[in-house]
Amino acid sequence: MVSRKEARVVTLAASLPAEDQGDVGRVVSGGKASGAVQEGDSALLARVAREDERAFRSLVDQHMSRTLTLARRILRDADEADDIAQETFLRLWRKAAGIDVGPAGVAPWLRQVATNLCLDRLRQRGRLEVTDDLPEVPDAPRQLAALEARDLKSRVDEALMRLPERQRVALTLFQYEGMSMAEVGAMMGISDEAVESLLARARRSLKVALASEWNELKRDGA
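Read on for an overview of the structure. Position numbers for residues count from 1 along each chain, tracking the sequence in the order it is written. Predicted model: local features are reported for residues with pLDDT of at least 70 only, side-chain atom pairs are reported and counted for 80 or more only, and whole-chain, interface and lining totals are derived from all residues. Side-chain calculation: all heavy atoms of the structure are included, whereas hydrogens and water are not.

Quick look at the packing of aromatic side chains
- Geometry of aromatic contacts follows a simple scheme: Phe, Tyr and Trp rings, the Trp one being its six-membered ring, pair when their centres are within 6.5 Å, and the pair is stacked under 30 degrees between planes, edge-to-face over 60, tilted otherwise. For the structure on display, the rule yields two aromatic pairs.
- Ring plane angle 80° and centroid distance 6.4 Å describe the contact between Phe 56 and Phe 89, whose orientation is recorded as edge-to-face. With Phe 56 in helix H3 (residues 53-75) and Phe 89 in helix H4 (residues 78-95), this residue pair connects regions lying 33 residues apart in the sequence. For the pair Phe 56 and Phe 89, one class covers both residues: buried.
- Here the aromatic rings of Phe 56 and Trp 93 are separated by 5.4 Å at their centres, their planes lie at 80°, and the arrangement is edge-to-face. Highlighted residues: Phe 56 in helix H3 and Trp 93 in helix H4, separated in sequence by 37 residues. Each member of the pair, Phe 56 together with Trp 93, is buried.
- Within the aromatic cluster, the residues linked to one another by ring pairs are Phe 56, Phe 89 and Trp 93.
- Over the aromatic face of Tyr 176 sits the side chain of Arg 73, whose NZ or CZ is 3.9 Å from the ring centroid. Helix and strand labels come from DSSP, where a helix needs a run of H or I of at least four residues and a strand needs a run of E of at least two; each type is numbered from the N terminus. The classification of residues rests on relative accessible area computed with a 1.4 Å probe and restricted to protein chains. Under 20% of the type maximum is buried, over 50% is exposed, and intermediate values are partly exposed. Criterion for a charge above a ring: Lys NZ or Arg CZ within 6 Å of the ring centre, and within 35 degrees of the ring normal.

Take a look at the structure:
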């Protein structure tokens, strides 16, 4: 049951712009995501635990865009992603007092909650199989990073959205969220070898979808 104050919290979260802003989800060499750690997350959470709505707004301002981007990449549905993002921040509001903030701030907690909610949504709809695949040798991730560096982000995102569900989830968590193969496997309930297989097939599919761009990279020696 959502209280009146919590309903205001959801409304506050929903009122923010839904666009993917700046370098949210930016890919760097080696398949890891980067981004400046937001200072003051611990202090802000302490204030949120005391039901300080201004502190909550600050955390939403800092982290909502990335949470939305993650949910949209996994679910491929903007409305569902909005629901997931709002639920994620509602949980932050409710659980602020018990959240441990490490060197990376509150971002890892938000990522885990949002990812679990997305995977639950996919499983409920029967859209995510969790059986293992045969391992394959993965392609190096640097070409995908290089493509995004060439201002082709929208093209890469379009190709990403056309990938099969499990491949898209694995690539999103590994390539964009900076998770290790072991972390992705634990999140999806599959082996490290299965994650390797999904990543390899996802990259091959993207290579086909972005053939002209990939060939240009090869000519330039990227």
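Let's talk about the side chain of Thr 115
- Considering the arrangement of structural elements, one finds Thr 115 in helix H5 (residues 107-124).
- Using a relative accessible area of 0% as the deciding quantity, one classes Thr 115 as buried.
- Two N or O atoms count as a polar contact when they lie within 3.5 Å, although within protein this holds only if one can serve as hydrogen donor and the other as acceptor, and sequence-adjacent residues are included solely when both atoms are side-chain atoms. Side-chain polar atoms of Thr 115 contact the backbone oxygen of Arg 111, separated by 2.7 Å.
- Residues are treated as being in contact if the distance between any of their heavy atoms lies within 4.5 Å. Filtering out sequence-adjacent residues up to four positions away, Thr 115 remains in contact with Leu 70, Ile 74, Leu 173 and Met 187.

A few points about the environment of Asp 157
- For Asp 157, the position within the fold is in helix H7 (residues 153-161).
- When the C-alpha positions of Asp 157 and Leu 206 are compared, they lie 9.9 Å apart, and in sequence the two are 49 residues distant.
- Side-chain polar atoms of Asp 157 contact the side chain of Arg 73, separated by 3.2 Å.

Things to note about the packing of helix H8 (residues 165-176) against helix H9 (residues 181-188)
- Note on geometry: axes are lines fitted to C-alpha atoms, helical ones only across the stretch in contact, with angles between N-to-C directions running from 0 to 180 degrees. Two elements in contact, H8 and H9, have axes whose closest approach is 9 Å; the angle formed by their N-to-C orientations is 135°. Put simply, H8 runs oblique to H9. For H8 against H9, the interelement crossing comes out right-handed. Between H8 and H9, the contacting residues are Arg 166, Val 169, Ala 170, Leu 173 and Phe 174 on the first element and Met 181, Val 184, Met 187 and Met 188 on the second. For classification purposes, an angle smaller than 35 degrees is called roughly parallel, one larger than 145 roughly antiparallel, one from 65 to 115 roughly perpendicular, and anything else oblique. Whether a crossing is left-handed or right-handed is set by the direction in which the near helix is turned from the far one by less than a right angle, anticlockwise for left-handed and clockwise for right-handed.

Quick look at the environment of Gln 62
- Within the secondary structure layout, Gln 62 lies in helix H3.
- With 45 residues separating them in the primary sequence, Gln 62 and Ala 107 have C-alpha atoms 9.4 Å apart.

Section: the nonpolar core
- In terms of nonpolar packing, the biggest core is built from 34 residues, with Ile 74, Ile 84, Val 169, Leu 171, Leu 173, Val 184 and Met 188 touching the most fellow members.
- Contributing elements (two or more residues each) for this core: H3, H4, H5, H7, H8, H9 and helix H10 (192-209).
- Non-local contacts of Leu 173, meaning those with residues more than four positions away in its chain, are made with Leu 70, Ile 74, Thr 115, Gly 178, Met 179, Val 184 and Met 187.
- The criterion is simple. A nonpolar core is a set of buried Ala, Val, Leu, Ile, Met, Phe, Trp, Tyr and Cys residues joined through side-chain atoms within 4.5 Å. If you look at the next biggest cluster of nonpolar residues, it comprises 17 residues, including Leu 45, Trp 93, Ile 99 and Val 106.

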